[in-house]
Every structure is written in structure tokens, then in C-alpha cells.
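Structural description and commentary
Chain by chain, the residues:
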Amino acid sequence: MTEAAFNRERHLKYFLRCLKTFLPSLYTSNDSNRILLAFFTIAGLDILGELQNKTTPEERKGYIQWIYHCQVPSGGFRGFTGTDFGLERRNPANESWDPANVPSTFFALLILVILGDDLSRVKRTECLQWLPKMQRENGSFGEVLGPNGEIEGGGDLRFCCFAAGTRYILRGKRGSDVEDLDVDKLVEFIEACQTYDGGISEAPFCESHSGHTYCGIGALTFLGRLSEGDKSVALLSPGSEAFETLTRWLVARQTSELGDDEEDAHEEDDHTESARDPLNTAQAADNVDEMFGQLPTLPTPSTETLEWAGFNGRCNKYADTCYSFWNGATLTMMDRFALVDADRNRRYLLDKTQHLIGGFGKGVGEPPDLLHSYFGMVSLAFQGEAGLEGVDPALCASHRAVRHLHTLPWWQERAV
Ligand SMILES: [Zn+2]
């Protein structure tokens with residue numbers, strides 16, 4: 001078979017098109033999340049190593065300006081400028097209509113770091129004061145502060161991860177005099193989310209999910225990096241049951257069930273059949289043998305179908321590009337990435353979801369979108385794909401950007 005190839009030039013064109021022309025109309029509903037789209041675009045060009053070459057200093061200054069325009073006067077960032085009604089009209093009675101948002105704050109800071117900004121205009125103290133106000137009694141985090149300072153939205157591990165990531169970026173090694181969030185409670189909440197099968201779910205007693213697993217381990221990684229020497233939590237301690245069962249669950253997410261066109265078409269035929277004859281199913285119920293006979297024959301994996309193996313995010317699901325990232329990044333943080341079949345993951349991404357016009361789609365034959373395009377590339381970066389910068393699995397940004405973060409003043413020295 002032909003060797004799968006990473007089409008770097010096409011991906012570069014794709015990300016430049018996303019940066020410099022209008023996005024397709026499908027993104028309209030994501031307008032209030034524009035900071036996230038900006039993150040994927042800027043970070044994508046950065047890991048392709050072309051952010052500096054393909055944008056001018058003026059353009060980068062403009063992007064930085066736009067991010068600061070999303071900063072809320074009381075600390076933190078909004079997801080887009082649409083809720084900003086101006087400083088002169090803003091007052092304590094109406095400011096909850098234009099709140100800072102936990103995920104947007106993390107992504108805004110990260111974009112600034114990637115663009116080489118020194119964060120000197122970030123309301124660092126205000127942001128660090130706001131963050132603990134977003135933490136709930138059970139240790140988890142909300143999304144925004146509503147009227148009367150009530151915590152609204154969020155509650156799952158995504159918000160825990162963004163809060164811990166924001167704390168990491170802004171507290172640094174030096175720390176801050178500002179009252180910290182309740183780290184012990186946050187750790188307890190994350191630990192309570194690990195389920196019977198070893199994976200981690202969005203909240204206690206829910207179904208294991210790779211995206212939330214990434215967020216749980218990401219949050220613990222951020223906390224751990226700032227507390228060197230402290231006792232490590234079980235989920236990050238090799239040999240512990242929590243660590244080993246999670247590793248097994250993550251590795252078991254690799255699958256050759258790709259949900260490709262052929263299988264889907266076959267499935268559709270079956271549905272049409274029963275729709276044509278509604279009595280079909282009822283009659284079959286009288287005869288168990290016949291019912292078993294009607295169950296679909298699952299194809300046995302062959303040497304050929306096993307050539308491609310992506311990842312799913314839950315048991316019994318098809319592979320999806322972004323799960324190559326969610327699972328791969330988590331295993332990288334746990335230093336267990338070597339356990340996956342990197343060659344088959346690479347072939348899945350490059351042969352099956354890499355798109356002709358650049359970018360990656362969610363699944364086989366799907367059009368590219370920013371999220372899957374970025375995560376597809378990051379997954380390949382973990383495997384050392386030529387033409388891609390190395391990526392930090394927790395910050396989800398290039399090592400180059402992380403090195404820049406670590407040059408900022410509050411990263412320079414430890415508190416005495
Ligand atoms: Zn996906």
C-alpha cells in the first residue's frame with residue numbers, strides 16, 4: 001500500500017483561509033465562542049511553524065488588540081465582543097450581562113502567549129481574584145458569574161481544566177498574594193469522576209468519556225506542575241489502581257471501527273427495510289431464532305481493515321479525529337503514549353480524515369472544520385510528524401509558545 005503523507009502545504013492553506021477570509025456559514029452559531037475559533041486558527045498556524053512567516057507584525061498586533069478588547073474590566077475575558085456595551089455604560093447592576101467566561105479566559109491568555117504578547121495588559125490580579133469566585137462548593141467550576149455573584153453554567157470537568165489552566169498561566173512559579181482557589185476540593189471532585197471502568201466522566205456517576213478524561217488529567221497536570229514536591233495524586237501515580245485502570249481504558253479506545261461510508265450505507269438499507277414493513281419487527285418477536293437471524297452480521301476484522309485505527313471517546317462508538325487527540329494527549333501527560341499503535345493512528349488520520357482541500361474532518365469523508373483540523377495535527381505532532389512543532393499536551397500549544405510563557409515575570413522565581 002502507498003505510504004500515507006501529511007499534506008503540509010494544503011493544511012497551511014486551510015488555516016490561512018480560516019484566518020484571512022470569512023468562515024463558512026456553518027460557524028455562525030459559534031459567534032459567541034469566537035475566541036475558541038481564533039485559538040484553533042492561530043495555534044494551527046503556530047504548530048505548522050508558519051505563524052510568524054505568514055502574518056505581518058501589524059496583523060499580529062491587530063489580533064492581540066482584539067483579544068484585549070475581549071477583556072472584561074473586572075478581570076477575565078468574554079468569548080467575543082458582542083456583549084461589550086462600553087465602559088461608560090457598564091455598572092454593577094448590568095455587568096452580569098457581559099460577564100467574563102472561564103473557557104474564553106483560558107483561550108484568550110493562550111492566544112496572547114502564542115502571539116508572543118507579554119501579558120502586561122492582562123488584569124492579572126483581578127483575574128486571579130475572579131477565579132475562586134467561579135468555584136462551587138463541590139470543588140467544580142461554573143462558566144460565568146450571574147446577577148448577585150451567582151455561579152452559572154459549567155460544572156463539568158471542562159471548566160475545571162480551564163480554571164486550573166488559567167491559574168497555571170497567571171500564578172506561575174512565583175505565585176500570587178491573591179487568595180487561591182480550593183485546590184484540594186478541585187482534586188477531590190476530579191477523583192470522584194473516575195468511574196468503575198477506569199475512565200473519567202463529566203461528573204461523579206456518569207459515563208466515562210475521553211474528552212472529560214483529558215480535562216480531568218489536564219487539570220491535575222496544571223496543579224501538579226505548580227506544586228512540585230507535593231504528594232502526587234493517585235490518578236497521576238504509576239502503579240496505583242486509579243492510574244493503571246485509566247491507562248487500560250484509554251488504550252482500549254483505539255478502534256478499527258471507522259464508521260466509513262460503506263457501513264453507513266448498509267445500515268441505512270436496513271432501516272429502510274423495516275420502515276417499509278412495520279409488521280416485520282413485531283412478527284419476528286414471536287420467533288427468537290428468527291430474531292437472532294435478523295441481527296446484522298458484524299464483519300470480522302481482516303489484515304486490511306486493521307490497517308487503520310483511530311480512537312473513539314466512549315465504548316461502542318466509531319473513531320473520530322478529535323479522539324486521537326483527547327486520548328493521545330491524556331496518555332502523553334501520563335507518559336504512556338508508547339502503548340498506542342501510532343502507525344495505525346497515523347494512517348487513519350492521513351488516509352481517512354485528512355481532507356483534499358486541507359484540514360481534517362470529524363470522520364471518514366467529512367468536510368474539514370477548525371476543531372478537528374487542529375486536533376488531527378496535534379495528534380500527529382505527538383507522534384513526531386515531520387513539518388509540525390512539538391506540542392505541550394496540557395496547554396495544547398507549541399513548546400515554543402510554552403517557553404515564551406515561562407519567560408514572563410511571575411514565572412521567574414519562586415516565592416521565598
Ligand atoms: Zn470529534
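Everything numeric here is computed off the predicted structure, so don't read it as measured data. (Residues numbered from 1 in each chain as written. Predicted model: local features only at pLDDT ≥ 70, side-chain atom pairs only at ≥ 80, totals over all residues.)

1. Points about the overall build of the protein chain
- Looking only at helices and strands, the protein chain features 17 helices and six strands.
- For 416 residues, the compact-globule estimate of 2.2 N^0.38 gives 22 Å, and the protein chain sits close to it at 23 Å.
- Principal-axis analysis of the C-alpha atoms gives the protein chain an extent of 70 × 45 × 45 Å.
- The buried share among the 416 residues of the protein chain stands at 42%.
- In the protein chain, the proportion of contacts linking residues at least 24 apart, taken out of those at least 6 apart, comes to 67%. (Helix = DSSP H or I, 4+ residues; strand = E, 2+ residues; numbered from the N terminus. Rg over C-alpha atoms; globule rule 2.2 N^0.38 Å. Buried ≥ 20, exposed ≤ 12 C-beta atoms within 10 Å, placed from the backbone. Contact = placed C-beta atoms within 7 Å.)

2. Focus: the nonpolar core
- If you look at the biggest cluster of nonpolar residues, it comprises 103 residues, and the most contacted ones within it are Phe39, Leu110, Ile111, Cys160, Ala163, Ala219 and Val378.
- For Leu110, the residues in contact, after removing those within four places along its chain, are Phe39, Leu395 and Ala397. (Core = buried A, V, L, I, M, F, W, Y, C linked by C-beta atoms within 7 Å.)

3. Side note on helix α6 (residues 124-133)
- Those residues of α6 that sit buried are Arg124, Cys127, Leu128, Trp130 and Leu131. Take α6 and look down its axis: the buried residues cluster within an arc of 160 degrees, on one side only. (Arc of directions from axis to C-beta.)

4. Things to note about helix α16 (residues 370-382)
- When the terminal C-alpha atoms of α16 are compared, their 19 Å separation across 13 residues agrees well with the 18 Å that a helix rising 1.5 Å per residue should span.
- Where burial is concerned, most of α16 is hidden: 12 out of the 13 residues are buried.
- Three or more residues of α16 are buried, namely Leu370, His372, Ser373, Tyr374, Phe375, Gly376, Met377, Val378, Ser379, Leu380, Ala381 and Phe382.
- Looking at the packing, one finds that the buried side of α16 touches α1 (8-20), α2 (34-47), α14 (321-333), α15 (342-353) and β5 (391-392). (Expected span 1.5 Å × (residues − 1).)

5. Considering unusual backbone geometry
- Even without being glycine, Asp335 reaches a positive phi, approximately 60 degrees.
- Summarising the element assignment, Asp335 is placed in the loop between α14 and α15.
- Despite not being glycine, Cys396 shows a phi value in the positive range, around 60 degrees.
- One can find Cys396 in the loop between β5 and β6 (397-398).

6. Thoughts on the confidence of the model for the protein chain
- Here the protein chain averages 92 in pLDDT, while 93% of its residues score no lower than 70.
- The low-confidence segment residues 263-279, where pLDDT is below 50, has four contacts with residues more than four positions distant or belonging to other chains. (pLDDT = per-residue confidence, 0-100.)

7. Describing the packing of helix α5 (residues 102-114) against helix α7 (residues 157-171)
- With their axes 8 Å apart at the nearest point, α5 and α7 run at an angle of 40 degrees to one another. On the basis of the axis angle, α5 is oblique to α7. α5 and α7 meet at a crossing whose hand is left-handed. Seen from α5, the contacting residues are Val102, Pro103, Thr105, Phe106 and Leu109; seen from α7, they are Arg158, Phe159, Phe162, Ala163, Gly165, Thr166 and Ile169.
- When its residues are assigned to classes, the contact of α5 with α7 shows eight nonpolar, three polar and one charged. (Axes fitted to C-alpha atoms, helices over the stretch in contact; angles between N-to-C directions. Parallel < 35°, antiparallel > 145°, perpendicular 65-115°, else oblique. Left-handed = near helix turned anticlockwise from the far one by under 90°. Nonpolar A, V, L, I, M, F, W, Y, C, P; charged D, E, K, R; others polar.)

8. Remarks on the packing of α1 against α2
- Here α1 crosses α2 at 145 degrees, and the two axes come no closer than 9 Å. In this structure, α1 meets α2 at a crossing whose hand is left-handed. Contacts between α1 and α2 involve Phe15, Cys18 and Leu19 from the first element and Thr41, Gly44 and Leu45 from the second.
- Among the residues forming the contact of α1 with α2, the class breakdown is four nonpolar, two polar and no charged.

9. Remarks on the environment of Lys133
- Tracing the backbone through its elements, the reader meets Lys133 in helix α6.
- Residues in contact with Lys133, not counting those within four places in the same chain, are Leu145 and Gly149.

10. What about the environment of Pro147?
- Mapped onto the fold, Pro147 is located in the loop between β1 (144-145) and β2 (151-152).
- Taking the C-alpha atoms as reference points, Pro147 and Thr166, 19 residues apart in sequence, are found 23 Å from one another.

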